[in-house]
Amino acid sequence: FLITREEYNIEKRDFLKTLIALLLRGAEGEISQVEDTVLTNVISAYYLEHFSGDGDPEDLGFDSFYAFSLKGISNILSSEQISFDLDEYRYVLKKFCSGQEFGELLNRSGDVTLFSQRLVVFEIDAIRDHKVLFPIVTLIIMDVFLQKMRLRSQQRKALILEEAWKSIASPLMAAYLLYMYKTVRKFWGEAIVVTQELGDIIGNAIVKDSIISNSDTICLLDQGKLKGNYAQITSLLSLTAQEKHKIFTINQLNNKKGRGRFKEVYIRRGLSGEVYGVEVSLRQYLTF
């Protein structure tokens, strides 16, 4: 919540709205159109007050937003005949205030070096099964990327999500994820997702609609063990019989003679793809 006037943009506002909805409803929940509008208006009013000179920018934080939002929502309810459970909002979000159970999560200052580092790795296995922390932390990581995407115009940006489906494949995250995919190319960036599980792709409509339909490049490793279930993948990726045949030749051909150690990969760009052999030196092989 502690940002400068220059950092405040539509991405930041939508991120904060998604974050608050996540705190209120959980990763699998959804908010109504009325709740969405109320949260958007309160966030806009909060930063307008601070950036117009009426508030101290140093006071920006979840604690001050929480106090401001309670008054702001109360004022909206008194002037508009709408359905918004203010008591539920007050009770659920209170645990993220200072001194409460998750009081440090949103009130501590962020690491500003994240915006200057060329490579940042977030390892979140330790909280993977935490119903509260995991989706919140994942959303914050995505926001860090979106801000770097917009503010660092001189470098190519890439976000790689590896096995992060549990957090991003939820109704609340769908719109945010789809927005990121449609926006990242405009800022010389790319989003890459990695998974080993067939069910992650074909069993989740959010992943299917938000990611696969917006991915121009698809890479597949050896799919031999999935031959029995491949009809679904074929349909999902719109693979022709010819492309399917190519995929099932990965690492299956007698083409090793006279070559060093290598593995094959299928890479599709647009409507067609080819199988390539990835061959590196012994030193590179042992290193990686």
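Refer to the preceding data block for the structure.
Residues numbered from 1 in each chain as written. Predicted model: local features only at pLDDT ≥ 70, side-chain atom pairs only at ≥ 80, totals over all residues. Heavy atoms only, no water.

A. Inspection of the packing of helix 3 (residues 62-79) against helix 4 (residues 86-93) at higher detail. Viewed as axis vectors pointing N to C, helix 3 and helix 4 meet at an angle of 175°, and their least axial separation amounts to 11 Å. Taken together, helix 3 and helix 4 sit at an angle that is classed as roughly antiparallel. Facing Phe62, Phe65, Tyr66, Ser69, Leu70, Ile73, Ser74 and Leu77 of helix 3, the residues of helix 4 in contact are Leu86, Tyr89, Arg90 and Leu93. Classifying every residue of the contact of helix 3 with helix 4 gives nine nonpolar, two polar and one charged. (Axes fitted to C-alpha atoms, helices over the stretch in contact; angles between N-to-C directions. Helix = DSSP H or I, 4+ residues; strand = E, 2+ residues; numbered from the N terminus. Parallel < 35°, antiparallel > 145°, perpendicular 65-115°, else oblique. Contact = heavy atoms within 4.5 Å. Nonpolar A, V, L, I, M, F, W, Y, C, P; charged D, E, K, R; others polar.)

B. Structural detail: the environment of Phe187. Here Phe187 shows up in the loop between helix 7 (171-184) and strand 2 (189-194). Overall, the relative accessible area of 23% leaves Phe187 in the partly exposed class. Along the backbone, Phe187 and Lys157 are 30 residues apart, and their C-alpha atoms lie at a distance of 8.2 Å. Residue contacts for Phe187: discarding those within four places in its chain leaves Glu11, Met149, Arg150 and Lys157. (Buried < 20%, exposed > 50% of the residue type's maximum accessible area, 1.4 Å probe, protein only.)

C. Local environment of helix 3. With 18 residues, helix 3 should reach 26 Å at 1.5 Å per residue; the first-to-last C-alpha distance of 25 Å fits that figure. Among all positions in helix 3, only Phe62, Phe65, Tyr66, Phe68, Ser69, Leu70, Gly72 and Ile73 are buried. For helix 3, the elements touching its buried residues are helix 1 (10-25), helix 2 (33-51) and helix 4. (Expected span 1.5 Å × (residues − 1).)

D. The pattern of salt bridges, seen in detail. Per the stated rule, a full pass over the model turns up eleven salt bridges. Between Glu190 and Arg156 there is a salt bridge; the shortest N-O distance is 3.7 Å. Remark: Arg156 occurs in the loop between helix 5 (133-151) and strand 1 (157-162) and Glu190 occurs in strand 2; sequence separation between them is 34 residues. Glu190 gets classed as partly exposed once you look at its relative accessible area, which sits at 30%. The exposure class of Arg156 is partly exposed, given its relative accessible area of 46%. Here the salt bridges share partners, and the residues they tie into one network are Arg13, Asp14, Lys17 and Asp36. (Salt bridge = Lys/Arg side-chain N within 4 Å of Asp/Glu carboxyl O.)

It is worth stressing that arrangement in space is one thing and function is another; only the former is reported here.
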